[in-house]
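Residues per chain, in single letters:
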Amino acid sequence: MSIDDTIERLKQSSDFQCESLDNGRFKIELCYFTTLCDKAVIKKEAAHPFFHAEDASEYRERLSAALSCLKLDDDADPMPDLMRGYVLIRFDDASYSLEAAMAGNDKPLHATSEMTIQGPQTAFSEDVDTNLLLTRKRYPYPALVAEKRNLGKISQTKAYLVYDKEKCDPDVLRRAKGMLERIQADTVMAVGQLEALMTETKLRWFPTMVITERPDRVIFNLALGKIVILLDGTPYALVAPAVFYDFISAMDDMYQSFIVSRSLIIMRYIALLITIALPALYVAVVSYNPEIFRMQFALSVAGSRAAVPYPSFIEVIIMLFLIEALIEASLRLPSYIGSTATTVGGLILGQAAQMAGLVSSIMIIITSAVAISNFVVPINTMSFALRIAKYPLVLLASMFGLAGVVSGMFALALYVTNLENFGRPYFRLFLGEPSVAGYKESESD
Amino acid sequence: MTRYYFYFFLICMLINTIFFVPRILLSQRFEGGIMAMILAVLIGSALALTFTKALSQFPGQGLPEILTAFMPSAIRIPILLFLGIMWGVAGSIIIITFSVITNRFLSPETSPEFLLICFCGICCWASTRKSSAIISVTEIVILLNLPIVAFIMYKAYTQKYFEWDAVKVMSDYTFKMPSWTLLSAATYPFTGYINFSLYNRYFKKLKVAHQWLIPIVGAAVLFTSIIVPIGVLGVTGVGDYLYTWISTADTLRMQYGFIERVVFLFLFIYIGFSLLFVTITWNIGIQLILECLPKRLKKVKRGRTALPWIVAFIIAAVTYWAGIVSNDKGMIGSVKVWLSIRFDSEILFVLLMVWMAWKRHRERRSEHG
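The following refers to the structure shown. None of these values were measured; they are calculated from a predicted model.

Residue and element names in this part refer to chain A. Strand order in the open sheet formed by 5 strands is β1-β2-β4-β5-β3, with antiparallel pairing between adjacent strands. Each having just a single partner strand, β1 (16-22) and β3 (69-72) make up the two edges of the open sheet. The sheet shows a mean angle of 20° between the axes of neighbouring strands, taken without regard to direction. In the sheet, strand β4 (residues 86-90) pairs with strand β5 (residues 95-99) via 5 bridges, with the strands oriented antiparallel. The partner of R90 across the bridge, within β5, is S95. Its contacts with the sheet put helix α1 (residues 3-10) on β1, β2 (27-33), β4 and β5, and the angle it makes with β4 is roughly 125°. Running at roughly 170° to β2, helix α2 (residues 39-52) makes contact with β1, β2, β4 and β5 of the sheet.

Once that is clear, we can look at the interface of chain A and chain B. Listed as interface residues are 30 residues of chain A and, on the opposing side, 43 residues of chain B. Buried surface at the junction of chain A and chain B, both sides included, amounts to about 3,100 Å², of which 68% is carbon and sulfur. Looking at the side of chain A facing chain B, the largest losses of area belong to A:R294, A:F400 and A:F410, adding up to 22% of the total buried there. Here chain A is connected to chain B by 1 salt bridge. Here A:E420 and B:K130 are joined by a salt bridge, their closest N and O atoms 3.9 Å apart. Counting across the chain A and chain B interface gives 4 residue pairs in polar contact (both at pLDDT 80 or more). Contributing elements (two or more residues each) for the side of chain A that touches chain B: α12 (295-304), α16 (380-400) and α17 (402-418) of chain A. Ranked by residue count, the leading element in the side of chain A that touches chain B is α17(A), at 12 residues. Residues belonging to the side of chain A that touches chain B are distributed by class as follows: 18 nonpolar, 6 polar and 6 charged.

Quick look at the nonpolar core now. Formed by 215 residues in total, the largest nonpolar core has its most connected members in A:M382 and B:M353. If you tally residues by element for this core, the top one is helix α13 (residues 262-292) of chain B, at 23 residues. Look past the residues within four positions of A:M382 in its chain and what remains in contact with it is A:F206, A:P207, A:F244, A:F247, A:I248, A:V377 and A:Y426.

Among the surface-exposed residues, B:W309, B:I310, B:I314, B:V318, B:W321, B:I324 and B:V325 lie close enough to one another that they form a single nonpolar patch of about 700 Å² accessible area. Tracing the backbone through its elements, the reader meets B:I324 in helix α14 (residues 307-325).

A complete count under the given rule lists 43 aromatic pairs over all chains for this structure. Judged by centre distance (6.3 Å) and plane angle (85°), the rings of A:Y139 and A:Y141 are edge-to-face. For A:Y139, a relative accessible area of 9% translates into the label buried. You can call A:Y141 partly exposed: its relative accessible area is 37%. When the centroid spacing of 5.6 Å and the interplanar angle of 50° are considered together, the rings of A:F297 and B:F258 count as tilted. Here the residue A:F297 occupies a position in helix α12, and B:F258 occupies one in the loop between α12 (244-249) and α13, the pair thus bridging two chains. A relative accessible area of 30% places A:F297 in the partly exposed class. Directly above the ring of B:Y243 sits B:R23, whose terminal nitrogen or CZ lies 5.9 Å from the centroid. The lysine or arginine in question, B:R362, covers the ring of B:W358, its NZ or CZ lying 4.7 Å from the ring centre.

Our next topic: empty space enclosed by the protein. All names here are of chain B. In the structure shown here, the tally under the stated rule is 5 cavities of 30 Å³ or more. Each pocket or cavity is described by its volume, and for the largest cavity that value is around 230 Å³. Those elements that provide at least two residues to the lining of the largest cavity are α5 (73-106), α13 and α15 (328-368). A total of 5 residues in the lining of the largest cavity trace back to one element, the largest contributor, which is α15. A breakdown of the residues in the lining of the largest cavity according to their chemical character gives 10 nonpolar, 5 polar and 2 charged. Computed from the structure, the second largest cavity encloses a volume of approximately 60 Å³. In terms of lining residues, the second largest cavity is bounded by N16, F20, V21, A90, I93, I94, Y188, V335, W338 and L339. Counting only elements with at least two residues in the lining of the second largest cavity, the list comes to α5 and α15.

So, on to the sheet that holds strand β8 (residues 210-212) of chain A. Residues and elements named next belong to chain A. Read from one edge to the other, the open sheet built from 5 strands follows the order β6-β7-β9-β10-β8, with strand pairing classed as antiparallel. Because the sheet does not close on itself, it has two edges, and the strands there are β6 (144-151) and β8. Ignoring strand direction, the axes of neighbouring strands in this sheet form an average angle of 25°. One ladder, built from 4 bridges, connects strand β7 (residues 157-164) with strand β9 (residues 227-231); its direction is antiparallel. Across the sheet, A159 pairs through a bridge with L231, a residue of β9.

Next up on the list: unusual backbone geometry. In this structure, the amide linkage connecting A:A240 to the following residue, A:P241, adopts the cis form with an omega of -10°. Checked against the element boundaries, A:P241 lands in the loop between β10 (237-240) and α9 (244-248). Non-glycine residue A:Q156 carries a positive phi angle of around 50°. Structurally, the position occupied by A:Q156 is in the loop between β6 and β7. Phi at B:H210 is positive, roughly 55°, even though this residue is not glycine. Secondary-structure assignment places B:H210 in the loop between α10 (196-199) and α11 (213-233).

Moving on, we get to the packing of helix α4 (residues 63-70) of chain B against α5(B). Geometry of a packed helix pair, given as the angle between the helix axes and the separation of the axes. Residues and elements named next belong to chain B. One way to put it is that α4 packs onto α5 with a least axis distance of 10 Å and a crossing angle of 155°. Considered as vectors, α4 and α5 are oriented roughly antiparallel to each other. For α4 against α5, the interelement crossing comes out right-handed. The residues of α5 that touch α4, namely those facing L63, P64, L67 and T68, are R76, I79, L80 and L83.

Conventions adopted
Residues numbered from 1 in each chain as written. Chains lettered and ligands numbered in written order. Predicted model: local features only at pLDDT ≥ 70, side-chain atom pairs only at ≥ 80, totals over all residues. Heavy atoms only, no water. Pairing = 2+ DSSP bridges. Helix = DSSP H or I, 4+ residues; strand = E, 2+ residues; numbered from the N terminus. Axes fitted to C-alpha atoms, helices over the stretch in contact; angles between N-to-C directions. Contact = heavy atoms within 4.5 Å. Buried area = accessible area lost by both parts, 1.4 Å probe. Salt bridge = Lys/Arg side-chain N within 4 Å of Asp/Glu carboxyl O. Polar contact = N/O pair within 3.5 Å; in protein donor to acceptor, adjacent residues only side chain to side chain. Nonpolar A, V, L, I, M, F, W, Y, C, P; charged D, E, K, R; others polar. Core = buried A, V, L, I, M, F, W, Y, C linked by side-chain atoms within 4.5 Å. Buried < 20%, exposed > 50% of the residue type's maximum accessible area, 1.4 Å probe, protein only. Patch = residues over 30% accessible without salt bridge, like charges linked within 9 Å, V, L, I, M, F, W, Y side chains within 5 Å. Areas by Shrake-Rupley, 256 points an atom, 1.4 Å probe, with all protein chains shown as cover. Phe/Tyr/Trp six-rings, centres within 6.5 Å; stacked < 30°, edge-to-face > 60°. Lys NZ or Arg CZ within 6 Å of the ring centre and 35° of its normal. 1 Å grid on protein atoms, 1.4 Å probe; cavity = no way out; pocket = protein on both sides within 12 Å on 5 of 7 lines; lining within 4 Å. Points joined across faces, edges and corners; volume = space filled by probe spheres on them. Parallel < 35°, antiparallel > 145°, perpendicular 65-115°, else oblique. Left-handed = near helix turned anticlockwise from the far one by under 90°.

What follows is the structure, encoded as structure tokens:
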């Protein structure tokens, strides 16, 4: 397609502009999207030199000296450039394309989904170049390489593959590049989608890459030798390959004293066990083995269930469904209505359900313990994955009792251990990751 | 590397000192049971150490690869098939017994067949996972449960009703010649090392430090498995129980614990251990049997193949059928037969390994010299 054809095609859009400029000595034509380009840059780099230029050849020299300005061949297609905010400058016989893209939302945002108390407070921005800047600023090391990619057949979303060349595993890097090559989607919007596009299996449960909005987590992982993908239009970065521990660690762990952070980590694992196993244990104990508890406690459980007419697994499913619906609703609702949802939900899940004899009061405590423990998981994608994990266990518990719960936990452990991530193990007791922040110890054998 | 060796040693030790071995030993406690244990510590450790030494000649190689180098397929395939079935049976025995135990002590309302389906299904799925994952999950299960096992043992030894006199009575019956069945039962707990004949593939070099721990830990666990039931249930009383250890654990209580009866804690741990043990043995069994099949069958489609599933399903189905038709009395009889076959074949297998290691060693020497 020749340049003229392209321009004819683009002229259908009202924000595409072709202006002829004339300074009395010669003429040029500027074609660009007004919505994509920064007028100030066009004025400074194209219009101003044009005004002062004596003749066409002098202007050409000026353009050649300008930053990010390329001479186009006659048969080159300027379309991709134009779509990314370049200005096409046309003479009678030659064309140049000059980068004048307007930065999108390039202010670093406040960290909202991964809070720390005393760590850095700003997250990434929605502009990928700013994000790369933030990364480089915090990781001023010459081995840091950023490779540019355009992902998505239509969206051509700008992305950077960032890694520390000295530390990262060449095999992992090769695999990551191959995965990016194979992406077939039309549009790439967010890093979560990118993760889905990069992994081969469709049946994914646990996240195998960390999605983070924190620059400090990104540079920590770069120093560990991991690969980071920054994507334009989202304040999140993708870190690969991840291991299970990454999802249970908050950045605060590195900013706290040793004993405090270790205790917090242990607490998180206990919370993880509670959120996975508690509903199933309730079903198994109440329906199969109430004799496990000491007599007084077994009686008080039975007493609180006295008004409930149906088996424990129905009770559990009602309450779990309500709490999941409440979480999902408060996530999607506009914040004005959101408070109504929590109030109404709190009332129902709190006293009313128990007074009506729908559920026992112990079940309410269990439901809230499960929900609260779930929120302890620092990385959002993992906490979503763990929300699912309790349902198979409830099913096993209602069919086989405690034996089913223990078997289910065993199967879950084996499932997670069996996962592989870039050909590396995902979950081990001792992973032997290098220590870069004094946080993870290396384990040699 | 060392730690994985001991995980497999421990899992076999812990599983077998609970199920049949104490029952067989205790049923003949006056006819050489004690002597069998003393001899077993010696024989079992000797076999373990010899095998480990022999296997260190073949770094990173599993049994199928080693056999291929030394014998034609006409001999190799029957050996592999036999060993694969032996491994499969080892797991099946545990799973059948454990479904009976779970039914009797944990959920009497559920039928044992139904529990057997649950365990068979999970082990069938689990044993087709990657071996490396199974090795790691062994580490997780063992390290998480070992403290609880230690706690239960501490509770058992320190409980008020533990009768040391009963244990002392047993010393009168030490010097009696044990039967072959007794000896083969008593050596079974030491057999954990044998899993390395396949899992050696996943380790670059089999170098086990602290091998002196094998006889010491082995003797400690084996004698505990006999002494505690005798001390708690009495010299004659101990013969009245079918599942000696579960009944022994049921004598313990945790006065201030959330769970009052220790037996539940004990059962939870042992469900985990049993599933793990069955997963390991079936995984090895499946791989050994698959090695016998001709290459053209093992076509891999998009990184996955249905063959392990088929073999696992066959093993699980046979186990389920055996679990339904067998009763307790028939079970212990066939286990005794199986244990004797196992002991004989274990000795032959270790000798075979020694022979192959010696040959390999000589080849190496002639290459260098």
